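# Structural characterization, general
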Amino acid sequence: MTLHDDAVLVLKGYEDQADFRQAYLDHLAAHPDGMWKACEAGHITASALVVDPERGRALLTLHKKLGMWLQMGGHCEPEDTSLAAAALREATEESGIPGLTLLPGGPVRLDRHPIPPPCHCHFDVQYAALAPSGAVETVSDESLDVRWFAYDEVAAVADDSVVRLLEATRSRL
């Protein structure tokens with residue numbers, strides 16, 4: 001199975017947010033390279049909101065290029081075997097935390113957002129990752145900073161897409 005096939009299966013099985021789901025499937029049908037960064041019409045990305053439910057907090061990264069507090073995530077790579085694997089890899093790389101595990105049940109949300117050219121759109125498949133007890137974060141080369149925020153602090157620092165992801169994650173915890 002290819003990563004493209006995995007994406008189609010994940011999206012076909014994803015019943016929530018039907019409008020996004022159909023847009024993602026239409027994009028993949030129209031663009032055989034729609035999984036990859038090189039697709040200028042837009043591409044699938046995978047992300048994960050790292051949470052520490054025991055302490056009621058979420059780890060956000062201050063994105064180097066965008067200057068915004070976001071969940072960890074990014075582009076799929078050829079070695080990724082699934083969208084879940086891509087999300088977990090990105091979360092681990094960007095947080096510096098070993099031992100993250102994805103929240104069971106598959107993606108938490110779908111989100112489509114514009115980005116600066118040459119590509120114009122990310123079709124983001126969003127997961128949640130659980131931090132192990134005593135997790136210590138580190139700043140990666142892709143970030144200006146990483147910081148834990150109490151759940152009730154996230155809305156003050158992040159955009160609505162991150163707030164919606166946190167709300168959906170909390171409803172599944």
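Residues numbered from 1 in each chain as written. Predicted model: local features only at pLDDT ≥ 70, side-chain atom pairs only at ≥ 80, totals over all residues. Heavy atoms only, no water.

What follows covers the overall build of the chain. Per the secondary structure count, the chain includes 5 helices and 8 strands. Against the compact-globule benchmark of 16 Å for 173 residues, the chain has a radius of gyration of 15 Å, which places it among compact chains. Along the first, second and third principal axes, the C-alpha atoms of the chain reach 45 × 30 × 30 Å. Out of the 173 residues in the chain, the part that is buried amounts to 50%. The contacts in the chain between residues at least 6 apart in sequence include a share of 66% that link residues at least 24 apart. Roughly 8,300 Å² of accessible area belongs to the chain as shown, and the carbon and sulfur atoms make up 54% of that amount. Positive and negative side-chain charges of the chain, numbering 14 and 27 respectively, have mean locations separated by a distance of 3 Å. (Helix = DSSP H or I, 4+ residues; strand = E, 2+ residues; numbered from the N terminus. Rg over C-alpha atoms; globule rule 2.2 N^0.38 Å. Buried < 20%, exposed > 50% of the residue type's maximum accessible area, 1.4 Å probe, protein only. Contact = heavy atoms within 4.5 Å. Areas by Shrake-Rupley, 256 points an atom, 1.4 Å probe, with all protein chains shown as cover. Lys, Arg positive; Asp, Glu negative; His and termini not counted. Charge placed at Lys NZ, Arg CZ, Asp CG, Glu CD.)

With that settled, the discussion passes to the packing of aromatic side chains. A complete count under the given rule lists 2 aromatic pairs for this structure. With 5.2 Å between their ring centres and 85° between their planes, Y24 and F123 make a pair best called edge-to-face. Separated by 99 residues along the polypeptide, Y24 in helix α2 (residues 18-30) and F123 in strand β7 (residues 121-130) bring together distant segments of the chain. One exposure class covers both Y24 and F123, and it is buried. Considering the side-chain rings of W69 and F149, the 5.1 Å spacing of their centres and the 75° angle between planes classify their relative orientation as edge-to-face. Placement of the pair is W69 in strand β3 (residues 69-70) and F149 in strand β8 (residues 143-150), with a sequence separation of 80 residues. Taking the relative accessible area as the measure of exposure, W69 reaches 11% and is therefore buried. A cation over a ring is seen here: R57 above W148, with NZ or CZ 4.0 Å from the ring centre. (Phe/Tyr/Trp six-rings, centres within 6.5 Å; stacked < 30°, edge-to-face > 60°. Lys NZ or Arg CZ within 6 Å of the ring centre and 35° of its normal.)

What follows concerns the pattern of salt bridges. Inspection of every chain in the model, using the stated rule, returns 6 salt bridges. Here R89 and E90 are joined by a salt bridge, their closest N and O atoms 3.1 Å apart. Under the relative-accessibility criterion, E90 is labelled buried at 5%. Close ionic contact of R147 with D145 constitutes a salt bridge, the shortest N to O distance being 2.9 Å. In this structure D145 comes out as partly exposed when scored by relative accessible area, which is 22%. Several salt bridges converge on common partners, so that one network encompasses D80, R89, E90 and E93. (Salt bridge = Lys/Arg side-chain N within 4 Å of Asp/Glu carboxyl O.)

Before going further, it helps to spend a moment on the layout of surface pockets. In this structure, the largest pocket encloses a volume near 950 Å³. If you trace the largest pocket, you find 37 residues lining it, with H63, L66, H75, I115 and H122 closest to the centre. Mapped onto the lining of the largest pocket, the elements with two or more residues apiece are β1 (43-52), β2 (57-63), β4 (72-75), α3 (83-95), β6 (109-114) and β7. (1 Å grid on protein atoms, 1.4 Å probe; cavity = no way out; pocket = protein on both sides within 12 Å on 5 of 7 lines; lining within 4 Å. Points joined across faces, edges and corners; volume = space filled by probe spheres on them.)

Here we take up the nonpolar core. With 28 residues, the main nonpolar core has I44 and V50 as its most contacted residues. Mapped onto this core, the elements with two or more residues apiece are α2, β1, α3, β7 and β8. Per-element accounting of this core gives the leading share, 5 residues, to β7. Leaving out residues up to four positions away in the same chain, I44 has contacts with Y24, L28, G34, M35, C76, L83, F123 and V125. (Core = buried A, V, L, I, M, F, W, Y, C linked by side-chain atoms within 4.5 Å.)

Counting along an α-helix, one turn takes 3.6 residues, and residues three or four places apart therefore face a common direction. For helix α5 (residues 160-172), spanning 13 residues, the distance from its first C-alpha to its last is 19 Å, which sits close to the expected 18 Å at 1.5 Å a residue. What α5 keeps buried is the set S161, V162, V163, L165, L166, A168 and T169. (Expected span 1.5 Å × (residues − 1).)

Right, let's get into α3. For α3, which comprises 13 residues, the first-to-last C-alpha distance of 18 Å matches the rise-based estimate of 18 Å (1.5 Å per residue) to within 8%. Within α3 the residues assigned to the buried category are L83, A86, A87, R89, E90, A91, E94 and S95. Where α3 ends, the next residue or the one after it, G96, has phi of about 75°, a positive value.

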